[in-house]
Amino acid sequence: MLDWTRRAACLDLDPELFFPISMEGPSQSQVERAKQVCDGCPVREPCLQYALSTRQAYGVWGGTDPGQRRELSPAEPQRENVPARQLRGGR
């Protein structure tokens, strides 16, 4: 399950460090401090994979901010709109 969290470098740190009010402006230094913690974390990869798979929209996870995770995430597959009558074999 989430056993990797017990080995995380952030385990004993204030979670607020990883969830700044914003990702820009004065909060940027907080984001950079959080990413520095992640740099030396033994479970950085599982943390990042968790954030990507659960679509974490906020905070620093696995050394990435939300914008970086959006770039790493595969785009949602586009559904083609097919009229219901075509799906039933109608014309």
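Residues numbered from 1 in each chain as written. Predicted model: local features only at pLDDT ≥ 70, side-chain atom pairs only at ≥ 80, totals over all residues. Heavy atoms only, no water.

Enquirer: Can you help me understand the layout of surface pockets in this one?
Expert: Space left empty within the atom packing is revealed by a probe, the size of a water molecule, rolled over the atoms. Here the largest pocket is characterised by a volume of approximately 380 Å³. Along the wall of the largest pocket there are 21 residues; nearest its centre are Ala8, Cys10, Phe18, Cys47 and Trp61. Those elements giving two or more residues to the lining of the largest pocket turn out to be α1 (28-39) and α2 (44-53). Top contributing element to the lining of the largest pocket by residue count: α2, with three residues. Class assignment for the residues of the lining of the largest pocket results in 18 nonpolar, two polar and one charged. Estimated volume of the second largest pocket: approximately 170 Å³. Lining the second largest pocket we find Ala51, Leu52, Arg55, Gln56, Ala57, Pro66, Arg69, Arg70, Ser73 and Pro74. Secondary structure elements with two or more residues in the lining of the second largest pocket: α2 and α3 (66-72). In terms of residue class, the lining of the second largest pocket is built from five nonpolar, two polar and three charged. (1 Å grid on protein atoms, 1.4 Å probe; cavity = no way out; pocket = protein on both sides within 12 Å on 5 of 7 lines; lining within 4 Å. Points joined across faces, edges and corners; volume = space filled by probe spheres on them. Helix = DSSP H or I, 4+ residues; strand = E, 2+ residues; numbered from the N terminus. Nonpolar A, V, L, I, M, F, W, Y, C, P; charged D, E, K, R; others polar.)

Enquirer: Would you explain the pattern of salt bridges in this entry?
Expert: Pairs can form between side chains of opposite charge once their charged atoms are near each other. Tallied over the full model, the rule gives three salt bridges. Note that Arg6 is salt-bridged to Asp3, the shortest N-O span being 2.6 Å. Residue Asp3 is classed as partly exposed on the basis of its relative accessible area, which comes to 44%. Between Lys35 and Asp65 there is a salt bridge, and its shortest N-O distance comes to 2.9 Å. In this pair, Lys35 is assigned in helix α1 and Asp65 in the loop between α2 and α3, connecting sequence segments 30 residues apart. The pair Lys35 / Asp65 is uniform in exposure class, with both members buried. (Salt bridge = Lys/Arg side-chain N within 4 Å of Asp/Glu carboxyl O. Buried < 20%, exposed > 50% of the residue type's maximum accessible area, 1.4 Å probe, protein only.)

Enquirer: Help me understand the UniProt feature "binding site: [4Fe-4S] cluster" (unreviewed entry) in the chain in this model?
Expert: As recorded in UniProt, the sites labelled "binding site: [4Fe-4S] cluster" (unreviewed entry) are Cys10, Cys38, Cys41 and Cys47. Over a stretch of 38 residues, the named residues converge on one spot in the fold, their C-alpha atoms separated by at most 10.9 Å. Lining residues of the largest pocket drawn from the annotated set just named are Cys10, Cys38, Cys41 and Cys47. In this fold, Cys38 is placed in helix α1. Judged by relative accessible area, which is 8%, Cys38 ranks as buried. Tracing the chain through its elements places Cys47 in helix α2. Residue Cys47 is classed as buried on the basis of its relative accessible area, which comes to 13%. Not counting residues within four places of it along the chain, the set of residues in contact with Cys47 comprises Trp4, Trp61 and Gly62. (UniProt positions renumbered as here; feature names shortened; annotations may be inferred. Contact = heavy atoms within 4.5 Å.)

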